[in-house]
Amino acid sequence: MKKVTGYEPAIEIKMQRLFATLSEKDRRRYAGIEAAKLGYGGIESISTLFGIDPKTVRRGLQELDLTDDPASDRVRKKRSGAKNGD
């Protein structure tokens, strides 16, 4: 597999494991901060590493620039995808 971000493969695995444990909002922000650290091409690299849309990474970058968190008390709960009663 081609190296995506310039990080060591063992670090990329740890990043992916951490990413999987975060809330939706925290995943966006984490992706954004990692993309910012990489600079040019960072958005594409991080979106590939985490398997998310580049727009999600851009949104995370924008959220990091906000001084106040407009949704600080809102966090979606993870769901299994199956509806009750199915």
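This text follows the structure it describes.
All values reported here derive from a predicted model rather than from experimental measurement. (Residues numbered from 1 in each chain as written. Predicted model: local features only at pLDDT ≥ 70, side-chain atom pairs only at ≥ 80, totals over all residues. Heavy atoms only, no water.)

1. Things to note about the pattern of salt bridges
What counts here: Think of a salt bridge as a Lys or Arg side-chain nitrogen and an Asp or Glu carboxyl oxygen that are within 4 Å of each other. Runs of E in the DSSP output that reach at least two residues are strands. Runs of H or I that reach at least four are helices, and both are numbered from the N terminus.
According to the stated counting rule, one finds five salt bridges in the structure shown. Between Glu24 and Arg28 there is a salt bridge, with the nearest N and O atoms lying 3.6 Å from each other. With Glu24 and Arg28 both in helix 2 (residues 24-38), this residue pair falls four residues apart, about one helical turn. Put simply, Glu63 and Arg28 hold a salt bridge, and the shortest N to O gap is 3.0 Å. One end of the pair, Glu63, is in helix 4 (residues 54-65); the other, Arg28, is in helix 2, with 35 residues separating them in the sequence. Ionic contacts of the salt-bridge type, sharing partners, join the residues Glu24, Arg28, Arg29, Arg59 and Glu63 into one network.

2. Describing the environment of Gln16
Going by this rule: Exposure is judged per residue with a 1.4 Å probe applied to protein chains only, and the accessible area is read against the type maximum: over 50% gives exposed, under 20% gives buried, and values in between give partly exposed. Contacts are residue-level and defined by heavy atoms, with any inter-residue pair within 4.5 Å sufficient. N or O atoms within 3.5 Å of each other form a polar contact, as long as, within protein, one can give a hydrogen and the other can take it, and as long as residues adjacent in sequence are counted only when both atoms are side-chain atoms.
For Gln16, the position within the fold is in helix 1 (residues 9-21). Owing to a relative accessible area of 31%, Gln16 belongs among the partly exposed residues under this scheme. Setting aside residues up to four positions removed in sequence, Gln16 forms contacts with Leu49 and Phe50. In this structure the side chain of Gln16 is engaged in a polar contact, spanning 2.9 Å, whose partner is the backbone oxygen of Leu49.

3. Description of helix 1
Operational definition: Helices are assigned an expected span. That span is 1.5 Å times one less than the residue count. As used here, the arc is the angular range of directions from the helix axis to the C-beta atoms.
Taking 1.5 Å per residue, 13 residues should reach 18 Å; helix 1 reaches 19 Å between its end C-alpha atoms and fits that length. Within the span of helix 1, buried status applies to Glu12, Met15 and Phe19. Here the buried residues of helix 1 occupy an arc of 60° about the axis, which is enough to place them on one side. Turned more than 90 degrees away from the buried face of helix 1 sit Lys14, Arg17 and Thr21, all of them exposed. Those residues of helix 1 that are buried lie in contact with helix 2 and helix 3 (42-50).

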